[in-house]
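This is what each chain is made of:
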Amino acid sequence: MAKKVRYNGGTQSYYNCSNPTKLVVGKVYEVVFSIDYDRDTTTYILKDVDGEFNSVWFDEVSSDDNIYMAIAHEIPVINERYSCYKMELVNGQLNLIGRYTSTVKEINYMGNNIYKVITKNSVYIVIVG
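Residues numbered from 1 in each chain as written. Predicted model: local features only at pLDDT ≥ 70, side-chain atom pairs only at ≥ 80, totals over all residues. Heavy atoms only, no water.

Engineer: Quick question: what am I supposed to make of the pairing of strand β8 (residues 93-100) here?
Structural biologist: Note: strand β7 (residues 83-90) against β8, eight bridges, orientation antiparallel. Bridge pairing in β8 places V90 opposite Q93. Adjacent in sequence and paired antiparallel, β7 and β8 are bridged by two residues, among which N91 carries a positive phi angle near 50 degrees. (Pairing = 2+ DSSP bridges. Helix = DSSP H or I, 4+ residues; strand = E, 2+ residues; numbered from the N terminus.)

Take a look at the structure:
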């Protein structure tokens, strides 16, 4: 599985790195290659982003991402918290757990009123109806 990292807004580096203005704070990137200069300095090359970036500018995203299925009554809005019902199977029974997500960072419409909603902490596949 590819290594995933989240840009934390860092900009300082002892080695020459690419300009971090190409990066979006809070966005998750896939590392395609890392260069270790010494035990304290690593540079990342990211998928679909030109350049080399200091690894301390990123926080690792665990491989067991927080990905949930949910239903909602409203379409999500970027930069707002989202009200939905997380689906959870317990002993073969479907439970709906009401929640407000952290701030929505990205929305991808997948068709048929299904949205991929990316927040600061989680990813939700949401059916809106």
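Engineer: It is not clear to me how a nonpolar patch on the surface should be interpreted in this structure. Could you clarify?
Structural biologist: On the surface, Y85, L89, L94 and L96 cluster together to form a nonpolar patch covering roughly 420 Å² of accessible area. By the secondary structure assignment, L94 is in strand β8. Judged by relative accessible area, L94 falls into the exposed class, the value being 53%. (Patch = residues over 30% accessible without salt bridge, like charges linked within 9 Å, V, L, I, M, F, W, Y side chains within 5 Å. Areas by Shrake-Rupley, 256 points an atom, 1.4 Å probe, with all protein chains shown as cover. Salt bridge = Lys/Arg side-chain N within 4 Å of Asp/Glu carboxyl O. Buried < 20%, exposed > 50% of the residue type's maximum accessible area, 1.4 Å probe, protein only.)

Engineer: Which parts of the structure should I look at to understand the side chain of N54?
Structural biologist: Relative to the elements of secondary structure, N54 occurs in strand β4 (residues 53-54). Accessibility expressed as a relative area gives 7% for N54, which makes it buried. For N54, the contacting residues outside a window of four places in its chain are Q12, S13, C17 and T42. (Contact = heavy atoms within 4.5 Å.)

Engineer: So what exactly am I meant to see when it comes to the pairing of strand β11 (residues 123-128) here?
Structural biologist: Looking along a regular strand, one sees side chains alternate from face to face of the sheet. Burial within β11 is extensive, with five of its six residues counted as buried. Bridge analysis of strand β6 (residues 67-72) against β11 gives six bridges, and the strand direction is parallel. Looking across to β11, one finds that M69 is bridged to I125. As defined by bridge partners, strand β10 (residues 114-119) adjoins β11 across five bridges and the pair is classed as antiparallel.

Engineer: Is there a simple way to explain the packing of aromatic side chains in this structure?
Structural biologist: Within a pair of aromatic rings, the relevant descriptors are the distance that separates the centres and the angle that separates the planes. Tallied over the entire structure, the rule returns six aromatic pairs. Look at Y44 and F58: their rings are 5.7 Å apart centre to centre, the planes differ by 55 degrees, and that puts the pair in the tilted class. Linking Y44 in strand β3 (residues 41-46) with F58 in strand β5 (residues 58-61), this pair joins segments that are 14 residues apart in sequence. Taken as a pair, Y44 and F58 share a single burial class, namely buried. Centroid distance Y68 to Y124: 5.4 Å. Interplanar angle 35 degrees. Geometry classified as tilted. In this pair, Y68 is assigned in strand β6 and Y124 in strand β11, connecting sequence segments 56 residues apart. (Phe/Tyr/Trp six-rings, centres within 6.5 Å; stacked < 30°, edge-to-face > 60°.)

Engineer: Just checking my understanding: could you explain the sheet that holds β10 for this structure?
Structural biologist: Strands in a sheet are paired, the pairing made by backbone hydrogen bonds, and the direction either parallel or antiparallel. The strand order β8-β7-β6-β11-β10-β9 describes an open sheet built from six strands, whose pairing is mixed. Two strands bound the open sheet, and with one partner strand each, they are β8 and β9 (104-111). Going across the sheet, the axis of each strand differs from the next one's by a mean of 30 degrees, ignoring polarity. Pairing of β9 with β10 involves six bridges; the strand directions are antiparallel. Bridging from a neighbouring strand, E106 pairs with I118 of β10. (Axes fitted to C-alpha atoms, helices over the stretch in contact; angles between N-to-C directions.)

Engineer: Any chance you could explain the nonpolar core here in plain terms?
Structural biologist: Considering soluble globular proteins, one finds that nonpolar side chains tend to be buried as a cluster. Among the nonpolar cores identified, the biggest contains eleven residues, and these are V5, Y7, L23, Y29, V31, Y44, L46, V49, F53, W57 and F58. For this core, the secondary-structure elements that each account for two or more residues are β1 (3-7), β2 (28-38) and β3. Every residue in contact with V5, bar those within four places of it in the chain, is listed here: K27, V28, Y29, V31, Y44, L46, F58, D59, E60 and V61. Grouped together as the second largest cluster of nonpolar side chains are ten residues, A70, A72, Y82 and Y124 included. (Core = buried A, V, L, I, M, F, W, Y, C linked by side-chain atoms within 4.5 Å.)

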